Amino acid sequence: MPSSAESPRPHVPAEAVTAIAALAENAVAEHRTSGVTWAIIGGHAHDQAILAHGAAGHRELADGRPAPGSSPMDRATVSRIASMTKSFTSATILALRDEGRLSLDDPISAHVPEAEGAFELADDDREPTLRRLLTMDAGLITDNPWGDRQEAMTREGFAAVLRSGLGHVHRPGGGFEYSNTGYALLGRVIDEVTGSDYATEIRRRFLDPLGLTATGWSSGEIDTDRLATGHRLADRTDATRFEAVPLDSPGVYGAMAGLFSSVDDVATWVRFLAAADAPDSASRGTGPLATASRREMQQLHRHQALAPLPAGEDQVSPGFDRVRGYGFGLVVEHFPDLGEVISHSGGYPGYGSFMVWHRDSGVGVVALANSKYAPATPLSMQALRILQREAPELLARRAPEAAPRTLEAARAALDWLRTDEDALADAWFADNMDLDVPRAERRRRLEKALAATGLDASALEALRVEDAQVLSRARMRWTVPAQSGAGSAGSASGGGAAAGGAGAAGGATSAAGAATAPSALQVELLMDPRREGLVQSLDTIAR
């Protein structure tokens, strides 16, 4: 990573902090939550875990006012993180997998015997595997209201639930359906494989090694003087709607939502996970879970279908606002404006929480609130967009880098386009190149594309390897603007399919179907799949 003298680390401007603080303060003022504490999490380029933080509201309300002895929400406040716990359970399952103690493709009953026969299966179905439970596609019924009240369930009680059978909404592997019971089963896997219990194992593997001292499972493990009381929402609209709710004790269902934590501890956890995608991840310490396994957690393993955007005047929907799916205990989303973000929310009787980070930069947001249905998710996503607006360098998308072999081939390819030297083609063209398009024809296509854009061979002289748009480690593209008034409809030509899937078609086409003159010459190179690859396509196209 470059030093700060070489590349100043992006910071959070005061305007952004003010705007994000206002979001939290408004949520309290409008009685959407009794209190909230939030933090901006440092990314790959930052040494500090938290770049900015703030809070609003109180830890406990009574009759709409701060309860006697209650303190304002602050950075030290401990709150339920609820289903954010699933990422810890998933990480523990992957650690056991890495040690060879289980396989993600094991059926659940291989580790939890009482689960045998629990699933409602057709004759051609297979019992759900650990992987299906991790990715929420085991077919189990969504159980948020019911599951939220089962935390204290004992192993014996859970075994009785399994013996009585579980319902389903689709076949195993047939689609996404959020299931807390699936993660309770994964907690039982940890119990059985380790001979201990999931809470002890998660603490031993992650909480203690990462220094998450404010994080725990019960009042006996956390500093209750810092604890935010959870509140339910009564049927009123002012501050008296917040009514304190008692805490549950940890049991089987705690594996899906049982942890308490602070914004500092969550920031440490987020940075540990996010570091797997840092540009220098290979040189960073592995920590308590392999880097590759942390990356595996953050991949989209099961797509979650979203509702399309409202139809326009033509009665046709413009599509979807994002792509969304589930990894292992984490949600993966791709937004047109933000790019790819990783997250998980938490909702529990009395609490709402959210953690989210931007994959490319590692910058994130955490919000912990002490009322049910608190707007932790929209607050955090709005905060990310405020950062994008006020400090776009914070959430900069990472440009792909070409492999050294690709750069070497690109120099040779540009030289061949300029000189037509067979020695260059002999050395760098893969065996398919001349079979697909003979060299003489490839030259004619180049000349035709130059003519269509009003350019001549001198345009090739200005092309440099470092000026290319890098599309991937193996693909590069150069674009040369056409001369004004160049070409005629249908006069462009190319050398095979380009990256966007277009063939050697000429000219652009307007909505009315009339061809227009091309606006640029594009040169695109793609390497073959071998480590010491050669050029498998070299297209010159008038676009």
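The coordinates are above.
In this report, the structure presented in the accompanying data block is examined. (Residues numbered from 1 in each chain as written. Predicted model: local features only at pLDDT ≥ 70, side-chain atom pairs only at ≥ 80, totals over all residues. Heavy atoms only, no water.)

Details of the overall build of the protein
Right, on to step 1. A count of helices and strands for the protein gives 16 helices and 20 strands.
Right, on to step 2. Each principal axis of the C-alpha atoms in the protein carries an extent, and together these give about 85 × 55 × 55 Å.
Right, on to step 3. Within the protein, buried positions represent 52% of all 543 residues.
Right, on to step 4. For the protein, restricting intrachain contacts to residue pairs at least 6 apart in sequence, the fraction spanning at least 24 positions comes to 68%.
Right, on to step 5. Counting only carbon and sulfur atoms, one obtains 50% of the accessible surface of the protein, whose full area is about 23,300 Å².
Right, on to step 6. Each charge sign in the protein was given a centre, from 53 positive and 71 negative side chains, and these centres are 1 Å apart. (Helix = DSSP H or I, 4+ residues; strand = E, 2+ residues; numbered from the N terminus. Buried < 20%, exposed > 50% of the residue type's maximum accessible area, 1.4 Å probe, protein only. Contact = heavy atoms within 4.5 Å. Areas by Shrake-Rupley, 256 points an atom, 1.4 Å probe, with all protein chains shown as cover. Lys, Arg positive; Asp, Glu negative; His and termini not counted. Charge placed at Lys NZ, Arg CZ, Asp CG, Glu CD.)

Side note on the nonpolar core
Right, on to step 1. If you look at the biggest cluster of nonpolar residues, it comprises 73 residues, and the most contacted ones within it are Phe88, Ile108 and Trp269.
Right, on to step 2. Considering each element in turn, this core owes the most residues, 8 residues, to helix H9 (residues 263-274).
Right, on to step 3. Here phenylalanine 88 is in contact with Ile81, Ile202, Phe206, Leu207, Leu212, Leu259 and Trp269, once residues within four sequence places are set aside.
Right, on to step 4. Residues Trp428, Leu450, Met476 and Met527 belong to the second largest nonpolar core, which totals 35 residues. (Core = buried A, V, L, I, M, F, W, Y, C linked by side-chain atoms within 4.5 Å.)

Some thoughts on the sheet that holds strand E14 (residues 364-369)
Right, on to step 1. One open sheet accounts for 8 strands, arranged E2-E1-E14-E13-E12-E11-E10-E9; its pairing is antiparallel. Edge strands, defined here as strands with exactly one partner in the open sheet, are strand E2 (50-57) and strand E9 (302-303).
Right, on to step 2. Pairing analysis gives 6 bridges linking strand E13 (residues 351-358) to E14, with the strands arranged antiparallel. Across the sheet, the residue bridging to glycine 352 is alanine 369, located in E14.
Right, on to step 3. Along the sheet, helix H11 (residues 376-390) contacts strand E1 (35-41), strand E11 (331-335), strand E12 (339-348), E13 and E14; its crossing angle with E13, the most-contacted strand, is approximately 30°. (Pairing = 2+ DSSP bridges. Axes fitted to C-alpha atoms, helices over the stretch in contact; angles between N-to-C directions.)

Thoughts on the side chain of glutamate 524
Right, on to step 1. Structurally, glutamate 524 can be placed in strand E19 (residues 520-527).
Right, on to step 2. Reaching out from glutamate 524, the side chain makes a polar contact with the side chain of arginine 475 at a distance of 3.0 Å.
Right, on to step 3. Here arginine 477 takes part through its side chain, which lies 2.7 Å from a polar atom of the side chain of glutamate 524. (Polar contact = N/O pair within 3.5 Å; in protein donor to acceptor, adjacent residues only side chain to side chain.)

Focus: the sheet that holds strand E20 (residues 535-542)
Right, on to step 1. The strand order across the open sheet built from 4 strands is E15-E16-E19-E20, with neighbouring strands paired in antiparallel fashion. Edge positions in the sheet fall to strand E15 (469-472) and E20, since each has one partner strand and no second. Neighbour to neighbour, the strand axes of the sheet diverge by 15° on average, direction disregarded.
Right, on to step 2. Bridge count for strand E16 (residues 475-481) against E19 is 7 bridges, and the pairing is antiparallel. Paired with methionine 476 across the two strands is leucine 525, which belongs to E19.
Right, on to step 3. Its contacts with the sheet place helix H15 (residues 439-452) against E19 and E20, and it is angled at close to 30° to E20.

Let's talk about the side chain of asparagine 370
Right, on to step 1. For asparagine 370, the position within the fold is in the loop between E14 and H11.
Right, on to step 2. Judged by relative accessible area, which is 0%, asparagine 370 ranks as buried.
Right, on to step 3. A distance of 2.9 Å separates the side chain of asparagine 370 from the backbone oxygen of arginine 59, its partner in a polar contact.

Details of helix H7 (residues 198-207)
Right, on to step 1. With 8 of 10 residues buried, H7 is to be regarded as a mostly interior element.
Right, on to step 2. For H7, the set of buried residues is Tyr198, Ala199, Glu201, Ile202, Arg203, Arg205, Phe206 and Leu207.
Right, on to step 3. Packing partners of the buried residues in H7 comprise helix H2 (86-98), helix H6 (180-194), helix H8 (254-257) and H9.
Right, on to step 4. At the N-terminal boundary of H7, the capping side chain belongs to aspartate 197, with an oxygen 3.1 Å from the backbone nitrogen of alanine 199.

Observations regarding the packing of aromatic side chains
Right, on to step 1. Across all of its chains, the model carries 9 aromatic pairs by this definition.
Right, on to step 2. On the basis of an interplanar angle of 75° and a centroid distance of 5.3 Å, the ring pair of tyrosine 198 and tryptophan 217 is categorised as edge-to-face. Residue tyrosine 198 is found in helix H7, and its partner tryptophan 217 is found in the loop between H7 and strand E6 (231-233); the two are separated by 19 residues along the sequence.
Right, on to step 3. Overall, the relative accessible area of 6% leaves tyrosine 198 in the buried class.
Right, on to step 4. We classify tryptophan 217 as buried; its relative accessible area is 1%. (Phe/Tyr/Trp six-rings, centres within 6.5 Å; stacked < 30°, edge-to-face > 60°.)

Re the packing of helix H1 (residues 14-29) against H11
Right, on to step 1. Relative to each other, H1 and H11 sit at 160°, their axes nearing to 9 Å. In this view, H1 runs roughly antiparallel relative to H11, as classed from their interaxial angle. Taken as a pair, H1 and H11 cross one another with a handedness that is right-handed. Where H1 abuts H11, its residues Glu15, Ala16, Ala19, Ile20, Leu23 and Ala24 lie against Leu379, Gln382, Ala383, Ile386, Leu387, Arg389 and Glu390.
Right, on to step 2. Residues of the contact of H1 with H11, tallied by class, amount to 9 nonpolar, 1 polar and 3 charged. (Parallel < 35°, antiparallel > 145°, perpendicular 65-115°, else oblique. Left-handed = near helix turned anticlockwise from the far one by under 90°. Nonpolar A, V, L, I, M, F, W, Y, C, P; charged D, E, K, R; others polar.)

Focus on the environment of proline 209
Right, on to step 1. Within the secondary structure, proline 209 is located in the loop between H7 and E6.
Right, on to step 2. Considered as a pair, proline 209 and glycine 287 are 78 residues apart in the sequence and their alpha carbons are 8.2 Å apart.

Points about unusual backbone geometry
Right, on to step 1. In this structure, tyrosine 373 is a non-glycine residue whose phi angle is positive, near 60°.
Right, on to step 2. Relative to the helices and strands, tyrosine 373 resides in the loop between E14 and H11.
Right, on to step 3. Not every positive phi belongs to a glycine, and aspartate 420 is a case in point at roughly 60°.
Right, on to step 4. With respect to the helices and strands, the residue aspartate 420 is situated in the loop between helix H12 (404-419) and helix H13 (422-428).

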